[in-house]
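Report on the structure
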Amino acid sequence: MDQKNEQAKLSNPQKIITSLLAGACAGAVAKTSIAPFDRAKINFQVRVGEFSYRRCFQFLRESYVKEGFLSWYRGNSANLVRVVPSAAINFTAHEQWKRVLGTDTEQKTPGRRFISGSLAGVTSATITYPLDLARARMAVTNKAMYSNLFALFLCILRTEGVTALYRGALISLVGVLPYSGCVFFTYESLKHIRTDYNTQRPINKTERMLCGAIAGLVGQTALYPFDVVRRRLQTAAVIRADEAALGALATARKIVREEGIRRGLYKGVTMNWLKGPISVGVSFMTFDTLLRLMINAFIRIFHIQTLQLVKRSLGRRSQSSTSYNSQDNDLVPPTTCCMSNCANCKETIFAFVKGDYKCDGEN
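Residues numbered from 1 in each chain as written. Predicted model: local features only at pLDDT ≥ 70, side-chain atom pairs only at ≥ 80, totals over all residues. Heavy atoms only, no water.

Using the following cut-off: UniProt positions are given in the numbering used here, feature names are shortened, and annotations may be inferred rather than shown by experiment.
Where an unreviewed UniProt entry is consulted, the chain appears under the name Mitochondrial carrier protein, with the organism given as Rotaria socialis. The UniProt entry for the chain carries the following text under Subcellular location (unreviewed entry): "Mitochondrion inner membrane". Under Sequence similarities (unreviewed entry), UniProt gives the following word-for-word description of the chain: "Belongs to the mitochondrial carrier (TC 2.A.29) family."

What to know about the overall build of the chain
Cut-off, in case you're wondering: Each helix corresponds to a stretch of at least 4 residues labelled H or I by DSSP, and each strand to a stretch of at least 2 residues labelled E; elements are numbered beginning at the N terminus. Each residue is assigned to one of three classes by its accessible area relative to the maximum for its type, calculated with a 1.4 Å probe on protein chains only: buried under 20%, partly exposed between the two thresholds, exposed over 50%. Per-residue and other accessible areas were derived by the Shrake-Rupley procedure at a 1.4 Å probe size, with only the shown protein chains allowed to occlude residues.
The helix and strand tally for the chain stands at 14 helices and zero strands. Reading the chain from its N end, one meets helices and strands in the order α-α-α-α-α-α-α-α-α-α-α-α-α-α. Taking all 363 residues of the chain together, the buried fraction comes to 50%. Per element, the accessible surface of the chain, about 17,900 Å² overall, is 62% carbon and sulfur.

Things to note about the nonpolar core
Note the following rule: In these notes, a set of buried Ala, Val, Leu, Ile, Met, Phe, Trp, Tyr and Cys residues joined through side-chain atoms within 4.5 Å is what counts as a nonpolar core. The contact criterion used is simple: two residues touch if any of their non-hydrogen atoms lie within 4.5 Å.
Judged by nonpolar contacts, the single largest core of 18 residues is most densely connected at Phe91, Phe284 and Phe287. Listing elements by their share of this core, those giving two or more residues are helix 2 (12–33), helix 5 (76–101), helix 8 (169–197), helix 9 (205–222) and helix 13 (269–320). With seven residues, the single largest contributor to this core is helix 13. Each residue touching Phe287, except ones within four places of it in the same chain, is listed here: Ser19, Ala22, Gly23, Ala26, Phe91 and Glu95. In terms of nonpolar packing, the next biggest core, distinct from the first, is built from 14 residues, Tyr146, Leu152, Ile156 and Ala164 among them.

Structural notes on the pattern of salt bridges
Stated precisely, the cut-off is as follows: Think of a salt bridge as a Lys or Arg side-chain nitrogen and an Asp or Glu carboxyl oxygen that are within 4 Å of each other.
Taken as a whole, this structure holds 15 salt bridges when the rule is applied. With a closest N to O distance of 3.0 Å, Glu258 and Lys254 form a salt bridge. Taken as a pair, Glu258 and Lys254 lie in helix 11 (residues 248–259) at a separation of four residues, close to a single helical turn. Judged by its relative accessible area of 10%, Lys254 falls in the buried class.

A look at a nonpolar patch on the surface
Test applied: Excluding any residue in a salt bridge, patches collect residues exceeding 30% relative accessible area, merging like charges within 9 Å and nonpolar Val, Leu, Ile, Met, Phe, Trp and Tyr side chains within 5 Å.
A contiguous nonpolar surface patch, about 460 Å² in accessible area, is contributed by Tyr64, Val65, Phe69 and Leu70. Inspection of the secondary structure puts Phe69 in the loop between helix 4 (53–67) and helix 5.

Regarding helix 2
Inclusion rule: In this analysis, the expected span of each helix is defined as 1.5 Å times one less than the number of residues it contains.
Between the first and last C-alpha of helix 2 there are 31 Å, a value that for 22 residues agrees with the 32 Å anticipated at 1.5 Å per step. Residues of helix 2 that are buried: Thr18, Ser19, Ala22, Gly23, Ala24, Ala26, Gly27, Ala30 and Lys31.

Focus on the environment of Phe44
Residue position: Phe44 is located in helix 3 (residues 35–45). Judged by its relative accessible area of 9%, Phe44 is buried. As for Phe44 and Arg55, which are separated by 11 residues in sequence, their C-alpha atoms are 9.3 Å apart.

This is how it looks when you write it as structure tokens:
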């Protein structure tokens, strides 16, 4: 049974719950796995100087010597506070936008795949942007400046105002729109190509992770300059006071003028080639795996509850009817039950199990 058929058995609220939980777990696992490299990348993005793997690992080594192992994960708490709801909203919004747009329902719809992915990214980024800004600030500062996430938000509100929480949001949304669309489009398209190539064997975890890794590599490489500009805007107040008043375009022009395109707008992109595919691949694989497990759990729970209700109904029916065969107590609701109408009426369940009634969700 494939994931699409399994999801068809759930009501929309149940689909939302499973997507939120699976997406939250996927985001947490993926981001934690590459947190040290993420911190190193941000430090190179917001400072002048050419990126290299040697300098990257030197930064990580110096951080470890000066502040210990946990320094590699500085800002990760803020990152997780952002990523968990962001990933949950992102994956859930994608599933819902696919449903609204009718993506891949009757025919291959590559255009709608891209649009649903883009809208999912915009939905998530708009809601969680202040947390993304907090994560960037914490990654480039030490404990003396911001001791925790609450202190960071309090300091920003007192010294810079509410609007500072959305500094760089516009360039972020401009970048997220094509990035999210590109990633989801690539991932879904690769899964369709794999399914068309071999319809007999379902996609396994390794293949899902590989599809996600390729999607992440394509998306992050194409939209990396937006990420650099966004980080500069987010951290200007604590790193570059002269850039604090600059907008997105002015910041981008300044980067190109002083550092060039390759060493400026694409500074640290090779780090993304290392961590990006890992992060996105792990995220998609974790989401799909957990989603299937949760859907199956919902189905099992419902069938157990329905079976208990059926048995109670059949038991009462057997006491009031001499023509009733007690062996029917062992009947189990078929897996084609729509799991919505049948549980509302004991007589409906009885008729359904006896084969005299066909619920709305049954083919």
